[in-house]
Amino acid sequence: MSIKILAIGDLANNFVILRKYVTSSEIHIINFPWDTNSKLTDSKDVEFFNSLKTKEQIDKIDSIKNNFDFAIVNTWTGAALAYITGLDYIMYFVGSALRVPPFIKNPKLDYLTKPLPSRNTFERGFYRKVLENAVFCVANAPDLFSILKKYRSTGIHQIGIPVDTQMFNENVKPLKRKKTKFTFLSPQRIGLAKGIDIIWKAIELTKTDFEVLQVEWFLGQRTNEEKNVNKKLIQNIPKKVKLIPIFKREDIPKAYAFVDAVIGQMKNGLGAAVEREAVFCMKPVLQYANPEIKFKIGNNEVSSPFLPHSNDPKVLSQLIDRIVESESFRKQLMEQEYDFIKQIADPVKIGQKWDDLFVNYMKNERKTKTASSFQIKLRQKEFLFANRLYFRKIKNRFF
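Figured I'd write up the structure that's included with this text. Everything numeric in this text was worked out from a predicted model, so none of it was measured. (Residues numbered from 1 in each chain as written. Predicted model: local features only at pLDDT ≥ 70, side-chain atom pairs only at ≥ 80, totals over all residues. Heavy atoms only, no water.)

Points about the overall build of the chain
Then, number 1: Helix and strand counts for the chain stand at 15 helices and 14 strands.
Then, number 2: Here the chain has a C-alpha radius of gyration of 22 Å; the compact-globule value for 399 residues is 21 Å, and the two agree.
Then, number 3: Dimensions of the chain, computed from C-alpha atoms along their principal axes, come out at roughly 65 × 45 × 40 Å.
Then, number 4: Counting the 399 residues in the chain, one finds 53% classified as buried.
Then, number 5: A separation of at least 24 residues holds for 68% of the contacts in the chain among residues at least 6 apart in sequence.
Then, number 6: For the chain, the accessible area works out to roughly 19400 Å², and carbon and sulfur atoms hold 49% of it. (Helix = DSSP H or I, 4+ residues; strand = E, 2+ residues; numbered from the N terminus. Rg over C-alpha atoms; globule rule 2.2 N^0.38 Å. Buried < 20%, exposed > 50% of the residue type's maximum accessible area, 1.4 Å probe, protein only. Contact = heavy atoms within 4.5 Å. Areas by Shrake-Rupley, 256 points an atom, 1.4 Å probe, with all protein chains shown as cover.)

Things to note about helix 7 (residues 196–205)
Then, number 1: If you check which residues of helix 7 are buried, you get Ile196, Ile198, Ile199, Trp200, Ala202 and Ile203.
Then, number 2: Structurally, helix 7 contributes buried residues whose contacts are with strand 8 (183–186), strand 9 (211–215), helix 8 (224–235), strand 10 (241–244), strand 11 (261–263) and helix 11 (313–325).

Examining the pairing of strand 2 (residues 25–31)
Then, number 1: Across the seven residues that make up strand 2, a large majority, five, are buried.
Then, number 2: As judged from the six bridges shared by strand 1 (residues 3–8) and strand 2, these two strands associate in the parallel manner. Pairing of Ile8 across the sheet is with Ile30, part of strand 2.
Then, number 3: In this fold, strand 1 hands off to helix 1 (residues 14–21), which returns the chain to strand 2; that crossover is right-handed.
Then, number 4: Looking at chain direction, strand 2 and strand 3 (residues 46–48) are connected through three bridges and run parallel. Residue pairing across strands places Asn31 opposite Phe48, the latter belonging to strand 3. (Pairing = 2+ DSSP bridges. Right-handed = clockwise from strand over helix to strand, strands pointing away.)

Focus on the sheet that holds strand 1
Then, number 1: Spatially, seven strands are ordered 3-2-1-4-5-6-7 in an open sheet, and the strand pairing comes out parallel. Each edge of the open sheet carries a strand with a single partner, namely strand 3 and strand 7 (156–158). In this sheet, neighbouring strand axes are inclined to one another by 25 degrees on average, regardless of whether the strands run parallel or antiparallel.
Then, number 2: In this fold helix 3 (residues 54–64) packs onto strand 1, strand 2 and strand 3, with an angle of close to 175 degrees to the strand it touches most, strand 1.
Then, number 3: Helix 6 (residues 142–151) contacts strand 5 (89–93), strand 6 (136–139) and strand 7 of the sheet and is inclined by roughly 170 degrees relative to strand 7. (Axes fitted to C-alpha atoms, helices over the stretch in contact; angles between N-to-C directions.)

Brief notes about the nonpolar core
Then, number 1: By size, the foremost hydrophobic cluster in this structure holds 38 residues, and its most contacted members are Ile8, Trp76, Tyr89, Met91, Phe93 and Val130.
Then, number 2: Secondary structure elements with two or more residues in this core: strand 1, helix 3, strand 4 (70–73), helix 4 (76–84), strand 5, helix 5 (121–132), strand 6 and helix 6.
Then, number 3: Top element by residues in this core is helix 4. It accounts for seven residues.
Then, number 4: Ignoring anything within four residues of it in the chain, the contact list for Ile8 reads Ile30, Phe32, Phe49, Ile61, Ala71, Ile72, Val73, Asn74, Gly78, Leu81, Ala82 and Leu87. (Core = buried A, V, L, I, M, F, W, Y, C linked by side-chain atoms within 4.5 Å.)

Overview of the sheet that holds strand 12 (residues 285–286)
Strand pairing in a sheet relies on backbone hydrogen bonds, with the paired strands running either antiparallel or parallel.
Then, number 1: In spatial order, the strands read 10-9-8-11-12; together these five strands make up an open sheet with parallel pairing. Each edge of the open sheet is held by one strand with a lone partner, namely strand 10 and strand 12.
Then, number 2: The pairing of strand 11 with strand 12 spans two bridges and is classified as parallel. Opposite Val262, over in strand 12, you have Val285 as the bridge partner.

Looking at the pattern of salt bridges
Then, number 1: What the rule picks out here adds up to 12 salt bridges.
Then, number 2: Of the charged contacts in the structure, one is a salt bridge between Arg99 and Asp143, with a shortest N-O distance of 2.4 Å. Taken together, the residues span a long stretch of sequence, with Arg99 in the loop between strand 5 and helix 5 and Asp143 in helix 6 at a distance of 44 residues.
Then, number 3: Measuring nitrogen to oxygen at the nearest pair gives 3.3 Å for the salt bridge that ties Lys181 to Asp209. Within this pair, whereas Lys181 is found in the loop between strand 7 and strand 8, its partner Asp209 is found in the loop between helix 7 and strand 9, the two being separated by 28 residues in sequence. (Salt bridge = Lys/Arg side-chain N within 4 Å of Asp/Glu carboxyl O.)

Structural notes on helix 5
Then, number 1: With 12 residues, helix 5 ought to run about 16 Å at 1.5 Å a step, and its terminal C-alpha atoms sit 17 Å apart, in line with that.
Then, number 2: The set of residues buried in helix 5 consists of Glu123, Arg124, Phe126, Tyr127, Val130 and Leu131. All buried residues of helix 5 lie within an arc of 160 degrees about the axis, which places them on one face of the element.
Then, number 3: Capping of helix 5 at its N-terminal end is provided by Asn120; its side-chain oxygen lies 2.9 Å from the backbone amide nitrogen of Phe122. (Expected span 1.5 Å × (residues − 1). Arc of directions from axis to C-beta. Polar contact = N/O pair within 3.5 Å; in protein donor to acceptor, adjacent residues only side chain to side chain.)

These results come straight from atomic positions and should not be treated as a statement about function.
Given below as structure tokens:
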């Protein structure tokens, strides 16, 4: 009999992809109706909450939770819902969720000068318990796993991010769009965290003729500083950059097939889904790869072959020109990247690792973690109390 799992929330289609490649379980996804997330998430066989109000979301989870063995979450919102409804849950950390966790005071992103808004003492305590009560915590990358170890010492794992090779591959048909010159796609969000400022400075230094299609969506609008940063970036957009609307999920591989190359992230030195997906579509990718970050392949720890190994705009500009001018360089870089990515992002191998984790939970953890009805009531009261300090916030969530 297969394991039945409820995935609450899904960022970047992680659970949509995962359920294709696990064999021991059935994953049902219920997602939040956030505008941008809904457009970018594969909506096939995905359920959405009817409301953003927490009370209605709790009622929904309560009505279906007995149909599942446990939950898996990759947002703090989803984790909080699993916690206060008494579900056992696995937390899967991607993106910035662990870099600025809600249980620390004055969380700070390294690309901003001011800290993000801090939660009150009771909220921070609540989210610390959300982390501690997870059956397992899984990080998707080496740097996130290092952060995770600071906050939790047991029940932690690192499992890489699979690429949906059924969707992203060399046989994808390109978008039907006019192209008059060498074309890059820059699919990541506009913001300092993705290194857009570095990319645009580099483009201004280039000497070749090309066009960059930049998807018009923004990273971080939580503070006035972030809003002002994004505003300045748009005001200083290079002439070679053309803003395009957000793609629907099913059109993303077609966009990779259409362009000649891809410009990925230039900030954290690690890369994300867009770079891996583009490589599986056999496109060369420029993405800052910190050579000090190591990936385990077999018994070896290796550095990423992606270029550049520096996020200096001048270095990037030279690589952009070289990509435009040299077909042999494009081919060589793409082949090296593909050989690397197919080893660290193989969906079948990663699916097996998740299967092993799910089976381990069912055999060893299930009976010791389930919350009682009394504990559930206490958790919900704690959540209400922590949020009641902000009357407007609690009113928006519950009424």
